[in-house]
Amino acid sequence: MSPWTSAEFDAHEQVCHFTDKRSGLQAIVAIHSTARGAAVGGTRFKAYPSAEHALDDALRLSRAMSYKTALADMPAGGGKAVIWGDPARIKSKALLHAYGDFLNRIGTVFVTGQDVGMTAADIETIREVSPFVGGTATGAGDTAIHTADGLIHGLKAVLERKFGRSDFDGVRLAIQGLGAVGMDLAAKLHAQGARLVVADIDDAAVRKAVGIFGAIVLKSEDIHRAEVDIFSPCALGGGLTPQSAAEIRAAAVAGSANNQLASAEAGEILARRGILYAPDYVVNAGGVISSLEEYFTIPGRQASEAPPLQQRLARIHARLAEIFDRSEIEGTRPEITAETMGKELIGR
Ligand code: NAI
């Protein structure tokens, strides 16, 4: 197993493997690019089927972080960490501290935070031994709220492009997943006059959305087919398959879920059917954008001139409009255009 032979390798600047036998820690930190600043990226704690899977995930996700931070106008680069193992079985204070010690060895070029399998409390535990963590209560607060705010800006760019308007009054949206982001998004859209269709596997969340927002409920497996203006996937990634892409009735897809397109073919089908796709890592960048204040407090980072948080979140609107414009001019799909622009912004 070597980063250089992985299909996901993309001239990553640095890849570090860590082992701590005593606590059972096996971790990989992949730093894709520091062209714009220290790499940022969450730590994913997962029982990968093999070390190769863990490495591939770190390489793939860190590359996506480079594009995400660049397109979000952040003076930061892209990285990602994975801890290999079942968090329910092996996560311990000793393991998290060993991980923090390793982060200290990498030093100022990588800053990490929460991802799948890690909680805010885990990040606080790592902070006991390492300053190279962010995205906790000490920063701008709950990232989900900022992600939902950013998504609202992205949805406005979608509305303008598809419907020639930027207000939500009477607009019909289907939200799949009423978790931290989806529920807050629903509240914000409802307050602005949108009509909501929702689905979640958690009945309590669905009842709440019906009670407070008067939402219509569909089964999770049916919501992508809802007769609405915009479909917003806010649950898990990989939901846009060739089959579901062929069934969507909305004019556009824009949601917070990471890695929504299960394959390039799904994106092609959306484009062929005239359904506008807002690249996920552009519209869901609100969380990482909100981490900027805290990022400047990390050792080795100097605060630079940055507009206030709300202005930074609002830039998602302009960035998305730019991607849609360029897609139209060049005849490429938005997800391809976003990647091209991300590469250009990091000098690749
Ligand atoms: P969450 O875990 O709070 O919410 C996910 C919701 O989806 C839960 O209510 C869950 O019951 C529901 N769900 C799971 N499987 C489902 C299914 N098959 N059908 C319908 N609902 C289902 O997660 P959160 O924080 O709201 O994030 C949502 C998505 O946005 C995730 O993909 C996450 O990676 C992504 N994201 C979140 C950010 C954040 O700041 N929280 C930032 C960027 C992306």
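Here, the structure is the one placed above.
Residues numbered from 1 in each chain as written. Predicted model: local features only at pLDDT ≥ 70, side-chain atom pairs only at ≥ 80, totals over all residues. Heavy atoms only, no water.

1. Quick look at the overall build of the protein
The condition is simple: We count a stretch as a helix when DSSP gives it H or I for four or more residues in a row; a strand needs E for two or more, and each element gets its number in order from the N terminus. Radius of gyration means the value over C-alpha atoms here, while the globule rule gives 2.2 Å times the residue count to the 0.38 power. Remark: exposure states derive from per-residue accessible area (1.4 Å probe, protein chains only) relative to the maximum for the residue type, with buried under 20%, exposed over 50%, and partly exposed in between. Any pair of residues with heavy atoms lying within 4.5 Å of one another is described as a contacting pair.
The helix and strand tally for the protein stands at 14 helices and twelve strands. In terms of overall dimensions, the protein is globule-like: its C-alpha atoms have a radius of gyration of 20 Å, near the 20 Å expected for 348 residues. In terms of overall dimensions, the protein has C-alpha extents of about 55 × 45 × 40 Å along its principal axes. Counting only residues that meet the buried cut, the protein has 53% of its 348 residues in that class. A fraction of 65% describes how many contacts in the protein between residues 6 or more apart in sequence connect residues 24 or more apart.

2. Quick word on helix H9 (residues 264-272)
For clarity, the cut-off: Think of the arc as the fan of directions from the helix axis to the C-beta atoms.
Here H9 has its buried residues at Ala266, Gly267, Ile269 and Leu270. On an axial view of H9, the arc spanned by its buried residues comes to 160 degrees, and they lie on one face. Looking at the buried positions of H9, the neighbouring elements they touch are helix H8 (242-247), strand S12 (276-277) and helix H14 (334-345). Following H9 by one or two positions, Gly274 adopts a phi angle in the positive range, close to 75 degrees.

3. Here's the deal with the site of the ligand
For clarity, the threshold we go by: For each residue, the test is whether any non-hydrogen atom lies within 4 Å of the molecule or strand; if one does, the residue is near. Each polar contact in these results corresponds to two N or O atoms within 3.5 Å; when the atoms are within protein, one needs to be able to donate a hydrogen and the other to accept it, and residues that are neighboring in sequence are counted only if both atoms are side-chain atoms. Areas reported as accessible are Shrake-Rupley estimates using a 1.4 Å probe. Residue values count occlusion only from the protein chains shown. Polar here means any residue outside two lists: the nonpolar Ala, Val, Leu, Ile, Met, Phe, Trp, Tyr, Cys and Pro, and the charged Asp, Glu, Lys and Arg; Gly therefore counts as polar.
The full set close to the ligand counts 21 residues, and Thr147, Val181, Asp200, Ser220 and Ala235 are the nearest of them. Between the ligand and Gly179, the relevant distance is 3.4 Å, taken from an oxygen atom to a main-chain nitrogen or oxygen of the residue. Compared with its free state, where it exposes 820 Å², the ligand has 70% of that area covered by protein. Put simply, the parts of the chain that give the shell around the ligand at least two residues each are helix H5 (143-163) and helix H6 (180-191). Here the shell around the ligand takes three residues from H5, the largest share from any one element. Here the residues of the shell around the ligand are counted per class, giving ten nonpolar, nine polar and two charged.

4. Examining the sheet that holds strand S7 (residues 172-176)
For clarity, the threshold we go by: Two strands pair under a simple rule: DSSP has to find at least two bridges between them. To get an axis, a line is fitted to the C-alpha atoms, and for a helix only the part in contact is used. The angle between two axes follows their N-to-C directions and goes from 0 to 180 degrees.
With parallel pairing, six strands are arranged side by side in an open sheet as S9-S8-S7-S10-S11-S12. Two strands close off the open sheet at either side, each with one partner strand: strand S9 (216-217) and S12. With four bridges connecting them, S7 and strand S10 (residues 230-233) associate as parallel partners. Within the sheet, the bridge partner assigned to Ala174 lies in S10 and is Phe231. Each of S7, strand S8 (195-199) and S10 is contacted by H6, which is oriented at about 165 degrees to S7, the strand it contacts most.

5. With respect to helix H1 (residues 51-71)
Put simply, the rule reads: The span you would expect from a helix comes to 1.5 Å times its residue count less one.
The terminal C-alpha atoms of H1 lie 31 Å apart, and with 21 residues this matches the ideal 30 Å at 1.5 Å per residue to within 8%. The element H1 is largely enclosed, with a buried count of 15 among its 21 residues. Positive backbone phi, approximately 60 degrees, marks Asp73, located one or two places after H1.

6. Let's talk about the environment of Leu71
By the secondary structure assignment, Leu71 is in helix H1. For Leu71, a relative accessible area of 5% corresponds to the buried category. What Leu71 contacts, discounting residues up to four positions off in sequence, is Tyr281, Val282, Arg319, Ala338, Met341, Gly342 and Leu345.

7. Observations regarding the environment of Asp325
Its place among the elements puts Asp325 in helix H13 (residues 309-330). Note on Asp325: relative accessible area 37%, which makes it partly exposed. The spacing of Asp325 and Arg161 is 164 residues in sequence and 9.2 Å in space, taken between C-alpha atoms.

8. Focus: the packing of H1 against H14
The axes of two packed helices give the description: the angle between them and the distance between them. Applied cut-off: Throughout this description, any angle smaller than 35 degrees is read as roughly parallel, any larger than 145 degrees as roughly antiparallel, any in the 65 to 115 degree range as roughly perpendicular, and the remainder as oblique.
Their axes nearest at 8 Å, the elements H1 and H14 cross at an angle of 80 degrees. The angle between H1 and H14 places the two elements in the roughly perpendicular class. Between H1 and H14, the residues in contact are Tyr67, Ala70 and Leu71 and Ala338, Glu339, Met341, Gly342, Lys343 and Leu345, respectively. Considered class by class, the residues forming the contact of H1 with H14 number six nonpolar, one polar and two charged.

9. Comments concerning the packing of aromatic side chains
The cut-off we apply is this: Aromatic rings from Phe, Tyr and Trp, taking only the six-membered ring of Trp, are treated as a pair when their centres fall within 6.5 Å; an angle between ring planes under 30 degrees marks them as stacked, one over 60 as edge-to-face, and anything in between as tilted.
Counted according to the given criterion, the structure contains two aromatic pairs. Pairing Phe18 with Phe102 gives two aromatic rings, centres 4.3 Å apart and planes at 10 degrees, and the pair type is stacked. With a gap of 84 residues between them, Phe18 in strand S1 (residues 14-20) and Phe102 in helix H3 (residues 93-106) connect regions that are remote in the sequence. The class for Phe18 is buried, based on a relative accessible area of 8%.

10. Description of the nonpolar core
We count it as follows: The definition of a nonpolar core used throughout is a set of buried Ala, Val, Leu, Ile, Met, Phe, Trp, Tyr and Cys residues joined through side-chain atoms within 4.5 Å.
Leu189 and Leu196 are the most contacted members of the largest nonpolar core, which totals 44 residues. Per-element tally for this core: the top contributor is H5, with eight residues. Among residues more than four places away in sequence, those in contact with Leu196 are Leu173, Ile175, Ala186, Leu189, His190, Phe213, Ala215 and Ile216. Counting 23 residues, the second-largest nonpolar core is a separate cluster that includes Ala27, Ala81, Leu96 and Ile123.

11. A few points about the pairing of S8
Put simply, the rule is: The handedness rule is simple: strands pointing away from the viewer, and a clockwise path from the first strand over the helix to the second, make the crossover right-handed.
Among the five residues of S8, four are classified as buried, and the element is accordingly described as predominantly covered. Here S7 pairs with S8 via five bridges, running parallel. Paired with Gln176 across the strands is Ala199, a residue of S8. Handedness of the crossover joining S7 and S8 through H6: right-handed. Alignment of S8 against S9, held across two bridges, turns out to be parallel. Considered in S9, the bridge of Val197 is made with Ile216. Running through helix H7 (residues 203-213), the crossover from S8 to the neighbouring parallel element S9 is right-handed.

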